[in-house]
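Descriptive structure summary
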Amino acid sequence: MKDHSKPALSVAVIIPTCNGEPWLEDLLSALEQQTLVPGEILVIDSDSTDATRTIARAHGVRLHRIAGSDFDHGGTRTLAATMVSAEILVCMTQDAVLVDAHALEFLVRPFAENTKIAATYGRQVAAPGATLFSEHLRRCNYPDPASYT
């Protein structure tokens with residue numbers, strides 16, 4: 001991975017997967033193009049039967065496999081957190097779409113600016129071709145900041 005900038009704090013990205021083939025290539029490619037490239041990317045896979053693990057290996061990210069029966073949203077992320085060594089952990093989903101090359105930088109920036117920050121989150125937008133329900137859910141939970149005025 002190319003290092004586009006030196007983060008003030010070390011960053012690791014954790015991505016739980018299960019049959020993430022339709023999205024993982026785009027996500028990992030987008031992470032490689034970020035202005036802040038994470039020091040570590042861990043894909044923790046739950047018994048995928050598609051090319052998820054092949055895609056992860058092709059991108060040179062760290063891959064750990066768990067049994068699907070052992071997957072738990074919180075527990076799997078907690079396990080992953082013990083497997084990386086970074087000051088900042090960014091948890092993503094396998095179908096996350098980074099809207100631009102600054103997404104990770106903007107997500108992490110508050111930690112460097114304020115030592116009292118414990119967590120940040122980014123606005124979620126529906127992926128192209130998402131279902132009407134998925135699009136509605138994201139518009140309601142994560143409105144466009146321009147609509148705040």
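Right above here is the structure, for reference.
This section reports on the structure supplied with the text. All values reported here derive from a predicted model rather than from experimental measurement.

**Observations concerning the environment of Pro38**
Of note, Pro38 is situated in the loop between α1 (21–32) and β2 (40–46). On a C-alpha basis, the gap between Pro38 and Leu9 in space is 10.0 Å, while along the polypeptide they are 29 residues apart.

**Structural notes on the pairing of strand β1 (residues 11–17)**
In terms of burial, β1 is largely enclosed, as seven of its seven residues are buried. The two faces of β1 match: Val11, Val13, Ile15 and Thr17 on one face and Ala12, Ile14 and Pro16 on the other face are all buried. As paired elements, β1 and strand β4 (residues 88–91) share four bridges and run parallel to each other. Residue pairing across strands places Val13 opposite Val90, the latter belonging to β4. Where β1 meets β2, six bridges bridge the pair, whose relative direction is parallel. From the neighbouring strand, Ile15 faces β2, where its bridge partner is Val43.

**Here we look at the sheet that holds β4**
The strand order β3-β2-β1-β4 describes an open sheet built from four strands, whose pairing is parallel. Of all the strands in the sheet, just β3 (62–66) and β4 have a single pairing partner and so form its edges. In this sheet, neighbouring strand axes are inclined to one another by 20° on average, regardless of whether the strands run parallel or antiparallel. With five bridges joining them, β2 and β3 adopt parallel strand pairing. Each residue of the ladder has a partner; that of Leu42, found in β3, is Arg62. Contacts from helix α3 (residues 73–83) reach β1, β2, β3 and β4, with the element oriented near 140° to β2.

**Concerning unusual backbone geometry**
At Asn19, a position not held by glycine, the phi torsion is positive, near 55°. Its place among the elements puts Asn19 in the loop between β1 and α1. Of the residues examined, Asn19 reaches a relative accessible area of 29% and is grouped as partly exposed. A positive phi angle, close to 55°, is found at Asp47, a residue other than glycine.

**Concerning the environment of Asp45**
Along the chain, the position of Asp45 falls in strand β2. Taking the relative accessible area as the measure of exposure, Asp45 reaches 0% and is therefore buried. Along the backbone, Asp45 and Ala67 are 22 residues apart, and their C-alpha atoms lie at a distance of 8.2 Å. At 2.7 Å, the side chain of Asp45 and the side chain of Arg53 are in polar contact.

**Describing helix α4 (residues 103–113)**
Among all positions of α4, only Leu104, Leu107, Val108 and Phe111 are buried. Buried residues of α4, viewed axially, fall in a sector of 80°; they line one side. Turned more than 90 degrees away from the buried face of α4 sit Ala112 and Glu113, all of them exposed. Of the surrounding elements, those touching the buried residues of α4 are β1, α1 and β4.

About the thresholds
Residues numbered from 1 in each chain as written. Predicted model: local features only at pLDDT ≥ 70, side-chain atom pairs only at ≥ 80, totals over all residues. Heavy atoms only, no water. Helix = DSSP H or I, 4+ residues; strand = E, 2+ residues; numbered from the N terminus. Buried < 20%, exposed > 50% of the residue type's maximum accessible area, 1.4 Å probe, protein only. Pairing = 2+ DSSP bridges. Axes fitted to C-alpha atoms, helices over the stretch in contact; angles between N-to-C directions. Contact = heavy atoms within 4.5 Å. Polar contact = N/O pair within 3.5 Å; in protein donor to acceptor, adjacent residues only side chain to side chain. Arc of directions from axis to C-beta.

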